[in-house]
Amino acid sequence: MHASRLVAFIRDIYKTNDVIPLHAPVFSDQERVNVMDTLDSSFVSSVGEYVDEFEQRIAAFTGCARAVATVNGTAALHTALHMAGVARGELVITQALTFVATCNALHHMGAEPVFVDVSPTSLSLCPRAMARYLQEHAELTAQGCFHKRTRQRIRAVMPMHTFGHPAELDALLVLCQQWGLILVEDAAESLGSFYKGQHTGTLGEFGALSFNGNKIITTGGGGMVLCRTAEQGARTKHVTTTAKVPHPYEFFHDEPGFNYRLPNLNAALGCAQMAALPTFLRQKRALAQHYAGFFQDKDCQFVQEPDYAQSNYWLNAVICESEAQRDALLSATNRAGVMTRPVWTLMHRLPMFAHCLRGELTNAEWLEAHLLNLPSSPTDV
């Protein structure tokens, strides 16, 4: 495929000769109104009505019992893992094909990832690969699931819904039940994605969203923990707000907590963005269909949502015929001012995670060499 045709196609979508980013935020007048309101009120930090409103909007949209705002997506992941009971020295099964925040959250709490392959359909954690790994390397005792060789406890499973495409959650949940594991969803990229009609991040015990500047909606920086029960939500809120016991003036904290509160200023931005989310989702689905049509007769394969899911198509992607073709497209498009990107360097290739346990990563390694992300900012096409 000639890169010039792809560049011309993308420039026609975005109607500009300027540099086209991979994913840029879209703002309206309402964001400015909300942010100025927080400045006028002086409630710009961790106390303010927009934090409560933002949490309520996310909970209503996703269908979770309670949503708890955090300062960023990594903080949301850290909190979700903490609430799930993951402890220092324990293992969590996840995927090597992910953004580094997935593993950073584990590292910060003293846990370690175990890398299992991804599905070529969802690009997310593969239940068949996970079943093979557990059968070969794990054993279930009265005390829980343990790695046969290291004797470390395998506490949880954390799929990441890659580019917004939901993992095969039913099969993962069955494995979790069989092996006594807790499912925590890294749903950072999948706000607006549904697995068999249920929002991602709400099938596991906890889920984590991100509102970084490149996500489908943004608060500048921010995250959210999705909780299955009101009781979990109340304790999550308590833990993320320094575990301070309510009192008119005294400072008493009843357990170690995190200062992960999302500022009201950021939440104000998020409330305005939530109002635009249905439009963004519609635009991004139309954009994905537009890309799919373009690549239908090309030698690159467009990545479609799995049959069982409705994806937000956060980042559109194509699978190139070869690594050489991918590299040629990367070079030509970026040279022409159209940002494209390879998938992240696989986690087991990074120095701080090279020692971690892993199974065969055939699909992840193939995708690392063949996948290309395309500009995906919401726009009318």
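As a reminder, the structure under discussion sits directly above these lines.
Residues numbered from 1 in each chain as written. Predicted model: local features only at pLDDT ≥ 70, side-chain atom pairs only at ≥ 80, totals over all residues. Heavy atoms only, no water.

A. Broad picture of the overall build of the protein chain. Each helix and strand in the protein chain was counted, giving 11 helices and 16 strands. The C-alpha atoms of the protein chain give a radius of gyration of 21 Å, which matches the 21 Å a tight globule of 381 residues would have. When the backbone C-alpha atoms are referred to their principal axes, the protein chain occupies close to 65 × 60 × 35 Å. In the protein chain, which comprises 381 residues, the proportion classed as buried is 57%. A separation of at least 24 residues holds for 70% of the contacts in the protein chain among residues at least 6 apart in sequence. When the accessible surface of the protein chain is split by element, carbon and sulfur atoms take 52% of a total near 15,900 Å². (Helix = DSSP H or I, 4+ residues; strand = E, 2+ residues; numbered from the N terminus. Rg over C-alpha atoms; globule rule 2.2 N^0.38 Å. Buried < 20%, exposed > 50% of the residue type's maximum accessible area, 1.4 Å probe, protein only. Contact = heavy atoms within 4.5 Å. Areas by Shrake-Rupley, 256 points an atom, 1.4 Å probe, with all protein chains shown as cover.)

B. Representation of helix 4 (residues 73-83). In terms of residue burial, helix 4 counts as a mostly covered element, since nine of its 11 residues are buried. Those residues of helix 4 that fall on the buried side of the exposure criterion are Gly73, Ala75, Ala76, Leu77, His78, Thr79, Ala80, Leu81 and Met83. Close packing links the buried residues of helix 4 with strand 1 (66-70), helix 5 (101-108), strand 7 (182-186), strand 10 (206-210), strand 11 (223-227) and helix 8 (230-240). Of the residues one or two after helix 4, glycine 85 is the one with positive phi, at around 90°.

C. The arrangement of the side chain of serine 193 in detail. Relative to the assigned elements, serine 193 resides in the loop between strand 7 and strand 8 (194-195). Given a relative accessible area of 0%, serine 193 falls into the buried group. There is a polar contact of 2.6 Å between the side chain of serine 193 and the backbone oxygen of glycine 164. Once residues within four sequence positions are removed from consideration, serine 193 is found in contact with Gly164, Pro166, Gln198, His199, Thr200, Gln310, Ser311 and Asn312. (Polar contact = N/O pair within 3.5 Å; in protein donor to acceptor, adjacent residues only side chain to side chain.)

D. Structural detail: the sheet that holds strand 16 (residues 371-374). Pairing in this open sheet of four strands is antiparallel, and the strands run 12-14-16-15 from one edge to the other. With one partner strand each, in any of the chains shown, strand 12 (301-302) and strand 15 (341-342) form the two edges of the open sheet. Relative to strand 14 (residues 316-319), strand 12 runs antiparallel, the two sharing two bridges. Bridge pairing in strand 14 places glutamine 301 opposite isoleucine 319. (Pairing = 2+ DSSP bridges.)

E. Inspection of the sheet that holds strand 8 at higher detail. As summarised here, the arrangement of the three strands in space is 9-8-13, forming an open sheet in which the pairing is antiparallel. Looking at which strands have only one partner, the edges of the open sheet turn out to be strand 9 (198-199) and strand 13 (309-310).

F. Local environment of the packing of helix 6 (residues 127-137) against helix 7 (residues 169-179). Running from N to C, helix 6 and helix 7 point in directions that differ by 20°, and their axes come no closer than 9 Å. With respect to their mutual orientation, helix 6 and helix 7 come out roughly parallel. Remark: the crossing between helix 6 and helix 7 carries left-handed chirality. Across the interface between the two elements, Pro127, Met130, Ala131, Leu134 and Gln135 from helix 6 touch Ala171, Leu172, Leu175 and Trp179 from helix 7. Across the contact of helix 6 with helix 7, the residue classes break down as eight nonpolar, one polar and no charged. (Axes fitted to C-alpha atoms, helices over the stretch in contact; angles between N-to-C directions. Parallel < 35°, antiparallel > 145°, perpendicular 65-115°, else oblique. Left-handed = near helix turned anticlockwise from the far one by under 90°. Nonpolar A, V, L, I, M, F, W, Y, C, P; charged D, E, K, R; others polar.)

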